[in-house]
2 protein chains.
Amino acid sequence: MINSYQKITIVGAGNVAWHLAPALEKAGCSVVQVYGRQSEKARALASQLKQTQVKTDLDFSDSSAHLFILAVSDDAIAEVARQIKLSEESAVVHTSGGQPMDTLTAAPTQQIGVFYPLQTFSKQRAVHFKTIPICVEANNKELLDELTKLAQKISNQVQAINSQQRAVLHVAAVFANNFTNHLLRMAEQLLHDRQLDSTLLHPLIQETISKSLEISPAQSQTGPAWRNDQKTITHHLDYLQAYDPSYAEVYRALTGHIQSLFTDKFGTD
Amino acid sequence: MINSYQKITIVGAGNVAWHLAPALEKAGCSVVQVYGRQSEKARALASQLKQTQVKTDLDFSDSSAHLFILAVSDDAIAEVARQIKLSEESAVVHTSGGQPMDTLTAAPTQQIGVFYPLQTFSKQRAVHFKTIPICVEANNKELLDELTKLAQKISNQVQAINSQQRAVLHVAAVFANNFTNHLLRMAEQLLHDRQLDSTLLHPLIQETISKSLEISPAQSQTGPAWRNDQKTITHHLDYLQAYDPSYAEVYRALTGHIQSLFTDKFGTD
């Protein structure tokens, strides 16, 4: 029996679509259509695939696909769900970490869900889907099973995650991705402005992350805040205050938060 | 001619000494003595080496070593420099990123310097010295040359860095290491408290760092703060405020700092 979910339409031609569509095809699915508001982007993506129709409108009434994956920006999900035309036996899922499943309720089908690959995607960087966690959710058991099976074709890490949990994952991802990246930017800027080569910090950064992931961040914490080295902290703050007061502010916020864990560390009451 | 700097005494038996002493020996140096306040730690380190005397006092008047590497905690450097006894032809260096060279002025020698391996060390983790930047400094050209040659025996990344520059490196390392690790801890805690598996974020974290180091953090920045997605930011802050107001504070500080770069991004004036 041919699994009907293996015929898929990808709505969107951005970073997620760019990586997801070929991964699905490699896993034996047929990506029958790709939609892009900008036809060049959709064409570029379709040209990476076997037999994929390029669509620039949202009328999929005649589509042979049974699963529609909305890989569009968070803001566009509800609007696309409202506008899309498709057979009511179809299922529609989005790929967002930041949006609940209900964002799709306006879609003209009873079957909605989420297919969220927890990774940061850029067109110019290859990704290995096998290692990317895929979080699935659906409003019925049958669709959840289908999405799980589909996800398992491309990834070794598939989990059923509901919208509330996914929202927490999304907040945590902001800390783990956006904020850490920004701290690396601040560190780089500090070196840059003193004509220091920013690659000097690269081995430290790599070891920091490896250690944190292997041992756990709680057991890897070091530094002046953690050992309550007030002399060094004052020294650093003096430098940063003169360099850029906003850097001192970030330093103070994070140092303060690290020190707030002292109650746990030293058991002060 | 035998290079006299190849006879080395390591003062300290902590994490830096633990990795540095064997690396120097492997590079052909002779670690003639290891000092540790706690004799067991010094003995444990010496047992990893070929022919190394264990010392628990700071009288090195009869030592054959010409270079003394003080791999002790920042707080202890000045005190050890004051107490140490050695031939005045010897050179003394410390291994700290956070302390200026002058911390050693009390040492009974005219030759002082710094030999700072820019990495985070833990006894249980192997390190590859070849990739670790070593920042050297000395109060005379001859010692600087010797330290440079010595560092080049164990590392491919050796740079002369003065005390002012090293202080900036040290501040930047707090951002790149201590603060990023703490953010990973916060992310993990968020997941933990919702019974979510923290390894879900590992592929994202790995890709975040790889991308940031390969492309540059400035070009890798994404997220609600960067795209000024006020709806998502409010959503996240509401969640964090209820979860733990101190998390909301850190979120606000970093989001605010990312947004302060908008002037650059959008060129608002």
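Residues numbered from 1 in each chain as written. Chains lettered and ligands numbered in written order. Predicted model: local features only at pLDDT ≥ 70, side-chain atom pairs only at ≥ 80, totals over all residues. Heavy atoms only, no water.

(A) Quick peek at the side chain of Asn 181 of chain B. Relative to the helices and strands, Asn 181 of chain B is located in helix α5 (residues 163-192). According to the relative accessible area criterion, Asn 181 of chain B is buried, its value standing at 2%. Within the local environment of Asn 181 of chain B, its side chain forms a polar contact with the side chain of Gln 221 of chain A, the two groups lying 2.8 Å apart. The contact partners of Asn 181 of chain B, leaving out residues within four places of it in the chain, are Thr 208, Ser 212, Pro 217, Ser 220 and Gln 221 of chain A. (Helix = DSSP H or I, 4+ residues; strand = E, 2+ residues; numbered from the N terminus. Buried < 20%, exposed > 50% of the residue type's maximum accessible area, 1.4 Å probe, protein only. Polar contact = N/O pair within 3.5 Å; in protein donor to acceptor, adjacent residues only side chain to side chain. Contact = heavy atoms within 4.5 Å.)

(B) The arrangement of the state of the cysteines in detail. Enumeration according to the criterion identifies zero disulfides over all chains in this entry. Free of any disulfide, Cys 29 of chain A has its nearest neighbouring cysteine sulfur in Cys 135 of chain A, separated by 18 Å. (Disulfide = S-S within 2.5 Å.)

(C) Molecular detail of the relation of the copies chain A and chain B. Once chain A has been moved 0.0 Å along the axis and rotated by 180 degrees, it coincides with chain B to within an RMSD of 0.0 Å. Within this description, the copies of the chain are treated as partners about a two-fold rotation axis. Measuring from the rotation axis to each C-alpha of chain A, the shortest distance belongs to Thr 180 of chain A, at 2.6 Å. Most of the interface of chain A is mirrored in chain B, where 100% of its interface residues are also at the interface. (Least-squares fit on C-alpha atoms with pLDDT ≥ 70 in both.)

(D) Spotlight on the packing of aromatic side chains. A complete count under the given rule lists 16 aromatic pairs over all chains for this structure. Relative to Phe 179 of chain A, the ring of Phe 175 of chain A lies with its centre 5.2 Å away and its plane at 75 degrees, an arrangement referred to as edge-to-face. With a gap of four residues between them, Phe 175 of chain A and Phe 179 of chain A both fall in helix α5 (residues 163-192), about one helical turn apart. By relative accessible area, Phe 179 of chain A is classed as buried at 1%. Consider the rings of Tyr 243 of chain B and Tyr 247 of chain B, whose centres lie 5.1 Å apart with planes at 85 degrees: the pair is edge-to-face. Its relative accessible area of 7% is what places Tyr 247 of chain B among the buried residues. Members of the aromatic cluster, connected to one another through ring pairs, are Phe 175 and Phe 179 of chain A together with Tyr 239, Tyr 243, Tyr 247 and Tyr 251 of chain B. We note Lys 55 of chain A situated over the ring of Phe 60 of chain A; from NZ or CZ to the ring centre the distance is 4.8 Å. (Phe/Tyr/Trp six-rings, centres within 6.5 Å; stacked < 30°, edge-to-face > 60°. Lys NZ or Arg CZ within 6 Å of the ring centre and 35° of its normal.)

(E) Highlighting the interface of chain A and chain B. Each partner contributes residues to the interface: chain A has 81 residues there, and chain B has 81 residues. In total, chain A and chain B occlude about 8300 Å² of area from one another, counting both sides; carbon and sulfur atoms represent 68% of this. Of all residues in chain A, Arg 125, Phe 175 and Leu 200 of chain A give up the largest surface area on contact with chain B, accounting jointly for 9% of the area buried on that side. Our count for the chain A to chain B interface comes out at four salt bridges. For Arg 125 of chain B, the salt bridge is made with Glu 207 of chain A, and the minimal N-O distance between the two is 2.7 Å. Across the side of chain A that touches chain B, the residue classes break down as 41 nonpolar, 30 polar and 10 charged. (Buried area = accessible area lost by both parts, 1.4 Å probe. Salt bridge = Lys/Arg side-chain N within 4 Å of Asp/Glu carboxyl O. Nonpolar A, V, L, I, M, F, W, Y, C, P; charged D, E, K, R; others polar.)

(F) Highlighting α5 of chain B. Residue and element names in this part refer to chain B. When the terminal C-alpha atoms of α5 are compared, their 42 Å separation across 30 residues agrees well with the 44 Å that a helix rising 1.5 Å per residue should span. Residue Val 174 marks the point of greatest curvature in α5, where the axis turns by about 30 degrees. Among the 30 residues that make up α5, 24 are buried, leaving the element largely enclosed by the rest of the structure. Sitting at the head of α5, Asn 162 places a side-chain oxygen 3.1 Å from the backbone nitrogen of Gln 164. (Expected span 1.5 Å × (residues − 1). Bend = angle between axes of the 7 residues up to and from the residue.)

(G) Summary view of the sheet that holds strand β8 (residues 111-117) of chain B. All names here are of chain B. In spatial order, the strands read β3-β2-β1-β5-β7-β8-β9-β10; together these eight strands make up an open sheet with mixed pairing. Whereas interior strands pair on both sides, the edge strands pair on one side only; in this sheet they are β3 (53-55) and β10 (158-160). Ignoring strand direction, the axes of neighbouring strands in this sheet form an average angle of 25 degrees. Note that strand β9 (residues 134-138) and β10 share three bridges and pair parallel. (Pairing = 2+ DSSP bridges. Axes fitted to C-alpha atoms, helices over the stretch in contact; angles between N-to-C directions.)

(H) Region of the structure containing the pattern of salt bridges. Residues and elements named next belong to chain B. All chains considered together, the criterion is met by 14 salt bridges over all chains. The partner of Glu 137 in a salt bridge is Arg 166, and the shortest N-O contact between them spans 2.7 Å. Of the two residues, Glu 137 is situated in strand β9 and Arg 166 in helix α5; the sequence distance between them amounts to 29 residues. According to the relative accessible area criterion, Glu 137 is buried, its value standing at 10%.

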